[in-house]
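# Architecture at a glance
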Amino acid sequence: MQIVVLLIAFGFVMFFARRNAPTRGCRWPADATGDRGALRKYKCAACGAEAFTSTKGSPNDCRSKLKTPNL
Ligand SMILES: [Zn+2]
């Protein structure tokens with residue numbers, strides 16, 4: 001019985017760890033049509049999230065998790 005409780009607890013930990021980790025498979029091709037001055041627009045090809053950066057390079061993490069409501 002204790003092993004079942006342990007497995008459930010482990011499952012919860014993995015679930016929340018995954019939620020907070022950057023989404024894998026996100027790719028950020030630059031969308032030059034959406035540039036705003038010095039801000040470069042990127043649109044995630046995997047999940048459709050949009051992000052602006054003022055520095056070189058694409059965003060590292062996916063912005064879609066910001067929209068996820070907290071339970
Ligand atoms: Zn994404």
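The shown structure was predicted, so the numbers you read here are calculated from the model rather than taken from an experiment. (Residues numbered from 1 in each chain as written. Predicted model: local features only at pLDDT ≥ 70, side-chain atom pairs only at ≥ 80, totals over all residues.)

## Observations regarding the overall build of the protein
Scanning the protein from terminus to terminus reveals one helix and two strands. Ordered by position in the sequence, the α and β elements of the protein form the string α-β-β. Taking all 71 residues of the protein together, 11% fall into the buried category. Intrachain contacts of the protein at a sequence separation of at least 6 include 20% that bridge at least 24 residues. (Helix = DSSP H or I, 4+ residues; strand = E, 2+ residues; numbered from the N terminus. Buried ≥ 20, exposed ≤ 12 C-beta atoms within 10 Å, placed from the backbone. Contact = placed C-beta atoms within 7 Å.)

## What about the nonpolar core?
Counting seven residues, the largest nonpolar core is built from Cys26, Trp28, Tyr42, Cys44, Ala49, Ala51 and Cys62. If we ignore the near neighbours within four places in the chain, the residues touching tyrosine 42 are Trp28, Pro29, Ala30, Asp31, Ala51, Thr53, Ser58 and Pro59. (Core = buried A, V, L, I, M, F, W, Y, C linked by C-beta atoms within 7 Å.)

## Let's talk about the pairing of strand β2 (residues 50-53)
Here strand β1 (residues 40-43) runs beside β2; their pairing, made up of four bridges, is antiparallel. Across the sheet, tyrosine 42 pairs through a bridge with alanine 51, a residue of β2. The hairpin formed by β1 and β2 contains six residues between the paired strands, and glycine 48 there has a positive phi angle of roughly 85°. (Pairing = 2+ DSSP bridges.)

## Considerations on the environment of arginine 36
One can find arginine 36 in the loop between α1 (2-20) and β1. Under the C-beta neighbour-count criterion, arginine 36 is labelled exposed, with 9 such atoms within 10 Å. With 17 residues separating them in the primary sequence, arginine 36 and threonine 53 have C-alpha atoms 9.9 Å apart.

## Quick word on the confidence of the model for the protein
Residue-level pLDDT values for the protein average 78, and 77% of them are 70 or greater. Across the protein, β1 holds the top mean pLDDT of 91, while α1 sits lowest at 76. (pLDDT = per-residue confidence, 0-100.)

## Observations regarding the environment of alanine 45
Tracing the sequence through the fold places alanine 45 in the loop between β1 and β2. Sequence-wise, alanine 45 and tryptophan 28 are 17 residues apart; in three dimensions their C-alpha atoms are separated by 6.3 Å.

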